[in-house]
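Structural characterization, general
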Amino acid sequence: MPLKEPSWWYSDNAQHRARLLAPLSYIYGRITTRRLRYAQPYTSLIPVICVGNFTAGGAGKTPLTILLAEHLNSIGEKPALLTRGYGGSLPGPHLVDPARDNASRTGDEALLLARCAPTVVARDRAEGARLLETLPDRPTAIVMDDGLQNPGLAKMLRLAVVDARRGVGNCRVIPSGPLRAPLLDQLDLVDAIIINAGPIEPDQEPAVPRPLIEMFRQMRFRGPILRGGIVPRTDLATLKGQTVLAFAGIGHPERFFDTLRLCGINVAEAVSFKDHHFFDAGDAERLLFRAKALGAQLVTTEKDHVRLLSYEDQRGELAARTTAFQIKMALAEDDMAQLAALVQRAVDSADLIEDQLQRCAK
């Protein structure tokens, strides 16, 4: 089931709850750290670039994954995408077919990713990489959406996305806080950090809080800390001047609603659902009724929209009447150049990987 994160993870309120849960957090953190330190990961013939985050919930991993896939395409590489398929029923490994698969089988993120590059769903990431290695037109790079804390597959480049507004919350490990493992241990896993400033104007430089950067530096993280933000892909002219009812079931719905408002869209009402929420017919009926009452255009995220597309009841009607608002991640120019250099170095490691594996086989 999708995680409904407690609001006190990201505030100073109710920290007595965090203290009460501290023993469980200690055990959870120790188990995770031990698993990461002593794993023997599979090294794929294809270089793996991993996009993850330090915390549970959304931070902007999928927009960064798509940005990387588009960049790899632009420099003549053949990227493929690898995801767990969260919310889907298929354990994989399974090559996603956007024409036949639906979100209940593969999860919403996989369908979204498959629009820009071949995508494999696999709970066992090593098995997913092996499947990609067997494709007739073998990819030259794998971008893994999530999996920073998954030790099963060796990574040539490890990127962590951090939400600028929420940071790492109260700096405590699940269940006392949002961290997936102690932060110091996770920093050892990462080559670069991308701080997602959230919605920005298309030509605006992402503004990142200095204290957040200083916190990572004080913890002796010496890799690049890059700045990114979210800008629209959707033609805003189609929504300007309209009253909008926005709904979203993603990790941080307010980021989506803020993006709409920053674009000058009149959001009359914003409806939040839990992350990866699977809409039922009742949800669809209520949203359709409320939009009619407000005289509003329905708008949602691409992730939410793909979850509605495979139904023929009220959910299909909701999908037909809803605009999927498309976004992308944009980095400051100098930061994009640094990211491109890191990606090039990872891709150039392909020959080295194959040579090392051949030596081990002798």
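First, a word on scope: everything that follows refers to the structure included in this document. In this text, all values refer to a predicted model and were calculated from it rather than measured experimentally.

1. Structural notes on the pattern of salt bridges
Taken as a whole and assessed by the stated rule, the structure comprises 22 salt bridges. Notably, a salt bridge pairs E205 with R227, separated by 3.4 Å at the nearest N-O pair. Residue E205 is found in the loop between β7 (192-199) and α8 (210-218), and its partner R227 is found in strand β8 (residues 225-232); the two are separated by 22 residues along the sequence. Where salt bridges share partners, they join R165, E254, D258 and R261 into one cluster.

2. Let's talk about the sheet that holds β8
The nine strands are arranged β3-β4-β2-β5-β1-β6-β7-β8-β13 in an open sheet whose pairing can be described as mixed. In this open sheet, the two strands that pair with only one neighbour each are β3 (94-95) and β13 (327-331). Inspection of the sheet shows strand β2 (residues 79-83) paired to strand β4 (residues 119-121) by three bridges, in the parallel sense. Paired with T83 across the two strands is V121, which belongs to β4. Here helix α6 (residues 125-133) sits on the sheet in contact with β2, β3, β4 and β5 (141-145), set at roughly 155° to β2.

3. Some details on helix α2 (residues 22-37)
The end-to-end C-alpha distance of α2, which contains 16 residues, comes to 22 Å, matching closely the 22 Å that a straight helix rising 1.5 Å per residue would cover. Within α2 the residues assigned to the buried category are S25, G29, T32, T33 and L36. Relative to the axis of α2, the buried residues are bounded by an arc of 100° and lie together on one face. Exposed residues lying more than 90 degrees from the buried face of α2 are P23, Y26, R30, I31 and R34.

Criteria and thresholds
Residues numbered from 1 in each chain as written. Predicted model: local features only at pLDDT ≥ 70, side-chain atom pairs only at ≥ 80, totals over all residues. Heavy atoms only, no water. Salt bridge = Lys/Arg side-chain N within 4 Å of Asp/Glu carboxyl O. Helix = DSSP H or I, 4+ residues; strand = E, 2+ residues; numbered from the N terminus. Pairing = 2+ DSSP bridges. Contact = heavy atoms within 4.5 Å. Axes fitted to C-alpha atoms, helices over the stretch in contact; angles between N-to-C directions. Expected span 1.5 Å × (residues − 1). Buried < 20%, exposed > 50% of the residue type's maximum accessible area, 1.4 Å probe, protein only. Arc of directions from axis to C-beta.

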